[in-house]
Amino acid sequence: MFALDEELARWQAELSEAHGSSRLPLLTALAWHLRQRDPLRAQTLSAEIAPLLAMLPVAEAALQRARLLLIGAEAEWLNGRLDTAQYQAEQALRQLEQAADLPARAQRARADACWVLAWVANDRGDSGAGDRWLEQAALAARAAGDPVRVDVIDAASGICDTFSDWKLAQQRWSGRFGTDLADMADLAPVAAGWISDFFGTCAFQRSDYGRAIGHLMLSYETALATGQIRRAIIVATNIGNGFTSLNAHEAALDWMQRGLDLARPTGWPLSIGMCLMQTAETLRQLGQREAAQTLLREALATLAPLSGSRAYAVALEYQGDLALDLGNHAAALDSFTRLASRGDALGQTDFQSSARRGQAHAWSHLGRTEEALAAAQGALALAREHADASSQIAALNVLADIHARHRLPAPADMQAANPVLHYLQLALEIAATIEGYTVPGALLDASAREYAAIGDHARAYAIALQASAARDQTHSQQATNRAIAMQVQYQTERAQTEGEHHRQLAAAEAQRAEVLQQTSATLEHLSAIGQEITAHLDAAAVFRALDRHVHGLLDATHFSVFLLEPGEEWLSCAFGVEAGKPVPPVRMPLSDPNANSARCVRERREILVELGEADVTPNLIPGTLPTMSLIFAPLRVGERVLGAMTVQSLKAHAYGERERLIFRTLCAYGAIALDNASAYRQVAATLKTLSATQEQLLEKNLELERAYKALEEVSLTDQLTGLRNRRFFLQNVDADVALSLRGYDAGQHRELTECDLIAPNDLVFFMVDLDHFKEVNDRYGHAAGDSILVQMQERLREVFRESDYVIRWGGEEFLVLARATHRDEAHAVAERMRRAVADREFTLPDGVLLAKTCSIGFACFPFLPQQPRLLSWSQVVELADQGLYVAKRSGRNAWAALYSTAATRPDGIFPRLMQQLDQAVEDGEVRLVSNLTGPLELGGERRRVGLSSDLET
């Protein structure tokens, strides 16, 4: 479902060395696991995979097509194109119906399809459908026996439940996951990440922010390491919210920025919009309202295509709160009204309650008192229905504020001195029932003011003292929260530092291993290069090989080879390349005191020249570049020096000890190769005249041999279909018959066992004939008939092995000699061949699709295993033709075969089968096997034949 980065790196390395069909599983794995890491590359790999699926069996191809559809569906989902994503995921489910032969893998793919559909539904705002798809995903994962998928999907279901009712969710899932990761052993990293996300979400909902952040950080690291980029973005913003709740705004903004840095390059609207709105809310709480307003506008514009999502609802809530802070009550009313609509659609009480309270505030400030009062009472009723004490207190505060602003009728059950005090007292009574709840100082201050207003100064003073104590407790709690935030930050930074230290140690160890591996690989590579270079006997080929390997192994702007001229007084540049262009010809005396090449030859030693940026290249050859690193080495063979080789770079300090070792090795190989080439050139000159005539004769012989082979190939091949023809068959069949009989001859000296009668001793001859083929030529023309014959050979090749002889016997009739098929398997091969023709239409040249069928007859050689030499192969072919005749006469689109039985009499069996087949079948001398169940025409008389008891035909 998700893979670690290390696994992707391994697959990528294996892919670079894989060839042919071994690439397909690696391509599929990489495309699947890059779907969020690198969606563009995932799509590129998918395009490479698609043409390869035609080579796979039907079930495997269907499974792989479903995977490709899911990769596309996830890309569409992430980009906010939810209709397309849903369509592709549903198409994947339909493809999986054809993969029933691979039950475990198909169920895993089904779980992944339901997983994508669940998140598509959630982004639409249809949480009910999302929950149902997650249930389907969990069922499929359990059917597949995949515990990691089960853990991930169950944890996701728990997270979704938590947003509806965290207490019920915790009760439901605590039995599944416990209360901490320590309760679950041997968890896969991806499962641990999702379960940590569930624990963190529960802790967040119960306001245990420190614990929530700890769990969410583990989830974040796991999401990044397993390629779940969208999940990492969501978790990063949730961690930022946690720090905001702890008043650690700097840490909150840091995590919001992390999420935004991950989201922006993706272009995914939901991810970007969510990061923007959460950052805006943090800025609002810090009082930076203009910056918050700018970010919220961008967030809502980004989320507009996903207006049904929970994220869009959160953005509306934040926009409404910000509008209230700015005093723009009309805008606040618009935001909260839209939020109420989304809350009702989502069925999530937190949105429904906050929307009604926000509407009440806005209407109150706009003077629409009746609507304000109705909205506040609706919020209170909703909070009471769900036993949400915090929301009840908030709703009562709103009601008190409305009555404080406007003269309204007192509530019917009022027992206090005025409505404001009535609602404040109710709020205080509810607050007293919440265990560990600190009554806000603002609520107590408001109560104290109301008591003072009605003249109850003693009560007002007592409540004012409580307000002061509550503020002290709040300040203490805030200090505790800040301490928790600091501790979490410290633990996080420490864990990151330790992790970075371990990563550096691992990287150093990996680098050390890589250096050792590179050294070993370099030595092996140089040995192979030496064999290649010294194998050349032509100086120009030696120069080209040296040039190629010098540029492949070293930083070489300039490379040249200087050779001594006869007399050994002058050096001339035999080969030189600089920046891909030939070096101008140059010649110098060996005694030149300034030329490094001449000095290298004279002193017979390596010379290294390293220049600084301000230095001037000494003795620069006209027309060449001013290089900064130069190395010269003599070309030595024993005590003889042939010349010098130089490589030069525009970079400073380009040649360390490793590079110099490589260059010395190349010089040694080059010297040997050039010396060999010189000796060979001398010998070749001597032999050139003698060999010229011999080469001409050899070339003529080769031309004649090629012409003969070409003619022979043409004579053995059918020119229309490319299949072998009757002549090829007649040339090769005797050898296969002899090989088949050899096993039976070996068994004549002992009692034959069943093993003696198993392939490769068996040969099966199939006669295949297209039904009503003449009608195609008559109706559509011979070009259409030829097209069908060409497509027919393709289907024959699909069914039969490469080692089998597939022969165009004549017209629309084909003969196949199956050389490695057991006689008891032949009927299954015939049925596959029949279906290969009948189940797929043929395409005519004008694009018309035409359904065709074929009839098949087959017989096995030897026909009588106990007396293998009784019937010749040609007679067995005639028996196969007799089976074809039965299939044709009895309805077509069928196959039929003749097998010997225990009652088969050797004497006169062939004429009897050819002339009295119906009687031979009735007497049990021969067994007729066919997929036909109706009357069979045997020898001109339509006779009903019963089904064989040992074959499902």
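From a predicted model like this one, the values you see are computed outputs, not experimental measurements.

J.: Quick question: what am I supposed to make of the overall build of the chain here?
T.: The helix and strand tally for the chain stands at 33 helices and 18 strands. Across the 953 residues that make up the chain, the buried fraction comes to 49%. Long-range contacts, defined here as pairs at least 24 residues apart, represent 61% of the contacts in the chain between residues at least 6 apart. Roughly 46,200 Å² of accessible area belongs to the chain as shown, and the carbon and sulfur atoms make up 52% of that amount.

J.: Could you clarify how one ought to interpret the sheet that holds strand 9 (residues 763-770) in this entry?
T.: Sheet strands pair via backbone hydrogen bonds, and the direction of the pair is either parallel or antiparallel. Here 7 strands make up an open sheet; going across it, the order is 8-10-11-9-14-15-16 and the pairing mixed. Single-partner strands in this sheet number two, and they are strand 8 (724-725) and strand 16 (926-930). Sheet topology places strand 10 (residues 805-810) next to strand 11 (residues 813-818); 5 bridges connect them, and they run antiparallel. Looking across to strand 11, one finds that Tyr805 is bridged to Leu817. The strands that helix 29 (residues 782-799) touches are strand 9, strand 10, strand 11 and strand 14 (854-861); relative to strand 9, the one it contacts most, it runs at about 150°. Along the sheet, helix 31 (residues 873-889) makes contact with strand 9, strand 11, strand 14, strand 15 (895-900) and strand 16, crossing strand 14 at roughly 150°.

J.: Can you walk me through the nonpolar core in this structure?
T.: Side chains of nonpolar character tend, in soluble globular proteins, to be buried together. Within the largest apolar cluster, 141 residues are counted, with the highest numbers of intra-cluster contacts made by Trp115, Val152, Ile153, Trp194, Met277 and Ile402. Per element, the largest residue contribution to this core is 11 residues, and it comes from helix 6 (residues 103-124). Setting aside anything within four residues of it in sequence, one finds Ile153 in contact with Met1, Ala111, Trp115, Leu134, Ala137, Ala138 and Ala141. Core analysis: the next-biggest nonpolar cluster, separate from the first, contains 41 residues, Ile807, Leu884, Ala894 and Ala920 among them.

J.: What is the right way to read the packing of helix 12 (residues 229-245) against helix 13 (residues 249-263) from this model?
T.: Packed helices, taken two at a time, are described by their axes: the angle between them and the distance between them. Running from N to C, helix 12 and helix 13 cross one another at 165°; their axes reach a closest spacing of 7 Å. In terms of orientation, helix 12 and helix 13 fall into the roughly antiparallel class. By crossing handedness, the relation of helix 12 to helix 13 is classed as left-handed. In this structure, helix 12 contributes Ala232, Ile233, Ala236, Thr237, Ile239, Gly240, Asn241, Phe243 and Thr244 to the contact, and helix 13 contributes His249, Ala251, Ala252, Trp255, Met256, Gly259, Leu262 and Ala263. Here the contact of helix 12 with helix 13 is built from residues that sort into 11 nonpolar, 6 polar and no charged.

J.: Would you mind going over the packing of helix 20 (residues 389-405) against helix 21 (residues 419-433) with me for this structure?
T.: With their axes 8 Å apart at the nearest point, helix 20 and helix 21 run at an angle of 165° to one another. As far as their axial angle goes, helix 21 and helix 20 are roughly antiparallel. The way helix 20 lies across helix 21 gives a crossing that is left-handed. Within the contact between the two elements, helix 20 uses Ala389, Gln392, Ile393, Leu396, Asn397, Leu399, Ala400, His403 and Ala404 and helix 21 uses Pro419, Val420, Tyr423, Leu424, Leu426, Ala427, Ile430 and Ala431. Looking at the contact of helix 20 with helix 21, its residues break down into 14 nonpolar, 3 polar and no charged.

J.: Looking at this structure, how should I read helix 30 (residues 826-838)?
T.: For an α-helix the count is 3.6 residues per turn, leaving residues at separations of three or four pointing the same way. Relative to the 18 Å expected for 13 residues at 1.5 Å per residue, helix 30 spans 18 Å between its end C-alpha atoms, a close match to the ideal helical length. Among the residues of helix 30, Ala826, His827, Val829, Ala830, Met833, Arg834, Ala836 and Val837 are the ones counted as buried.

J.: Explanation requested: the pattern of salt bridges in the structure shown.
T.: Side chains that differ in charge, positive against negative, can pair when their charged atoms come close. The tally for this structure, following the rule as stated, stands at 47 salt bridges. The shortest N-O distance in the salt bridge between Arg124 and Asp83 comes to 2.8 Å. Of this pair, Arg124 sits in helix 6 while Asp83 sits in helix 5 (residues 82-96), and the two are 41 residues apart along the sequence. Taking the shortest distance from any N to any O, the salt bridge between Arg808 and Asp718 comes out at 3.2 Å. Of this pair, Arg808 sits in strand 10 while Asp718 sits in the loop between helix 26 (657-715) and strand 8, and the two are 90 residues apart along the sequence. Residue Arg808 shares its accessibility class with Asp718, and that shared class is buried. The structure contains a network of salt bridges with shared partners spanning Arg67, Asp112, Asp146 and Arg149.

J.: Help me understand the packing of aromatic side chains, please; the structure alone is not making it clear to me.
T.: Two descriptors summarise a pair of aromatic rings, namely the distance from one centre to the other and the angle between the planes of the rings. Evaluation of the coordinates by the stated rule reveals 18 aromatic pairs. Measuring from centroid to centroid gives 5.5 Å for Trp115 and Trp119, while their planes differ by 80°, and the two rings are edge-to-face. Of this pair, Trp115 and Trp119 both sit in helix 6, separated by 4 residues, roughly a single helical turn. Just as Trp115 is buried, Trp119 falls in that class too. A centroid spacing of 5.8 Å and a plane angle of 50° characterise the contact between Phe198 and Phe199, whose relative ring orientation is tilted.

J.: Whenever I open this one, the pairing of strand 6 (residues 629-637) confuses me. Can you help?
T.: Strand 6 sits mainly inside the fold: 7 of its 9 residues count as buried. By the bridge criterion, 4 bridges tie strand 5 (residues 607-610) to strand 6 in an arrangement that is antiparallel. Residue Leu608 lies in a different strand from strand 6, and its bridge partner there is Ile631. Counted between consecutive antiparallel strands, the loop separating strand 6 from strand 7 (residues 640-649) contains 2 residues, among which Gly638 sits at a positive phi close to 65°.

J.: Just to check I follow, could you spell out the side chain of Thr28 for this structure?
T.: In this fold, Thr28 is placed in helix 2 (residues 23-33). Given a relative accessible area of 10%, Thr28 falls into the buried group. Each residue touching Thr28, except ones within four places of it in the same chain, is listed here: Ile49 and Gln64.

J.: Sorry if this is basic, but what is going on with the environment of Pro845 here?
T.: Within the secondary structure layout, Pro845 lies in the loop between strand 12 (842-843) and strand 13 (849-850). The sequence separation of Pro845 and Ala784 amounts to 61 residues, and the corresponding C-alpha distance is 6.3 Å. The residues touching Pro845, leaving out its near neighbours within four places in the chain, are Ala783, Ala784 and Ser787.

J.: Explain unusual backbone geometry here, please?
T.: Note on backbone geometry: most residues besides glycine have negative phi, and most peptide bonds are trans. Cis geometry is adopted by the peptide bond preceding Pro862, which originates at Phe861 and carries an omega value of -5°. Inspection of the secondary structure assignment puts Pro862 in the loop between strand 14 and helix 31. Its identity as a non-glycine residue notwithstanding, Glu568 has a phi of 55°, on the positive side. Structurally, Glu568 is set in the loop between strand 1 (558-564) and strand 2 (570-578).

J.: Honestly, helix 4 (residues 58-78) in this entry has me stumped. Any pointers?
T.: Taking 1.5 Å as the rise per residue, helix 4 with 21 residues should run 30 Å; its terminal C-alpha atoms sit 30 Å apart, in good agreement. Buried residues dominate helix 4, accounting for 18 of its 21 residues. One or two steps after helix 4, the chain reaches Gly80, where phi turns positive at roughly 85°.

J.: What should I look at first to understand the confidence of the model for the chain in this one?
T.: Low-pLDDT stretches of the model should not have their predicted coordinates read in fine detail. Here the chain averages 85 in pLDDT, while 90% of its residues score no lower than 70. For residues 749-759, every residue scores under 50 in pLDDT, and the model assigns this stretch 14 contacts once sequence neighbours within four places are set aside. The model gives residues 946-953 a pLDDT under 50, and that stretch makes 13 contacts with residues more than four places away or in other chains.

J.: How do you make sense of the state of the cysteines when you look at a structure like this?
T.: Such a bond, covalent and formed between the sulfur atoms of two cysteines, is termed a disulfide. This model, assessed by the stated rule, comprises 0 disulfides. The thiol of Cys667 is unpaired, and the distance to the nearest cysteine sulfur, on Cys600, comes to 7.9 Å. Taking the relative accessible area as the measure of exposure, Cys667 reaches 3% and is therefore buried.

J.: Would you mind going over a nonpolar patch on the surface with me for this structure?
T.: Nonpolar side chains collect at one region of the surface, where Val683, Leu687 and Leu690 lie side by side and expose about 300 Å² of accessible area between them. Looking at the element boundaries, Leu687 is found in helix 26.

Quick notes on the rules
- Counting of residues starts from 1 at the beginning of each chain's written sequence and follows it residue by residue.
- It should be noted that, the model being predicted, local features are given only for residues of pLDDT at least 70 and side-chain atom pairs only at 80 or more, the latter also being counted only at that level, while totals for whole chains, interfaces and linings use all residues.
- To obtain the side-chain values, all non-hydrogen atoms of the structure were included, while hydrogens and water were left out.
- Elements are defined by DSSP. Helices are runs of H or I of four residues or more, strands are runs of E of two residues or more, and each kind is numbered from the N terminus.
- Using a 1.4 Å probe on the protein chains alone, a residue whose accessible area is under 20% of its type maximum counts as buried, one over 50% counts as exposed, and one in between counts as partly exposed.
- Any two residues having at least one pair of non-hydrogen atoms within 4.5 Å are treated as being in contact.
- The Shrake-Rupley method, run with a 1.4 Å probe sphere, supplies the accessible areas, and residue values consider only the shown protein chains as cover.
- Whether two strands pair comes down to DSSP finding at least two bridges between them.
- Under this scheme, a helix contributes an axis fitted over its contacting stretch, all axes are lines through C-alpha atoms, and angles between N-to-C directions fall in the 0 to 180 degree range.
- Here, nonpolar core refers to any group of buried Ala, Val, Leu, Ile, Met, Phe, Trp, Tyr and Cys residues whose side-chain atoms link them within 4.5 Å.
- Roughly parallel means an angle under 35 degrees; roughly antiparallel means over 145; roughly perpendicular covers 65 to 115; every other angle is labelled oblique.
- A clockwise turn of the near helix away from the far one marks a right-handed crossing, whereas an anticlockwise turn of less than a right angle marks a left-handed crossing.
- Under this grouping Gly is polar, as are all residues other than the nonpolar Ala, Val, Leu, Ile, Met, Phe, Trp, Tyr, Cys and Pro and the charged Asp, Glu, Lys and Arg.
- A helix is expected to span 1.5 Å for every residue after the first.
- Whenever a carboxyl oxygen of Asp or Glu lies within 4 Å of a side-chain nitrogen of Lys or Arg, that contact is scored as a salt bridge.
- The rule is short: rings of Phe, Tyr and Trp, with Trp giving its six-membered ring, pair when the centres are within 6.5 Å, and they are stacked under 30 degrees, edge-to-face over 60, tilted in between.
- Each residue carries a pLDDT score, the predictor's confidence in it, ranging from 0 to 100.
- Pairs of cysteine sulfur atoms within 2.5 Å are what we label disulfides.
- The residues that make up patches have over 30% relative accessible area and no salt bridge, and they are joined within 9 Å when like-charged or within 5 Å when they are Val, Leu, Ile, Met, Phe, Trp or Tyr.

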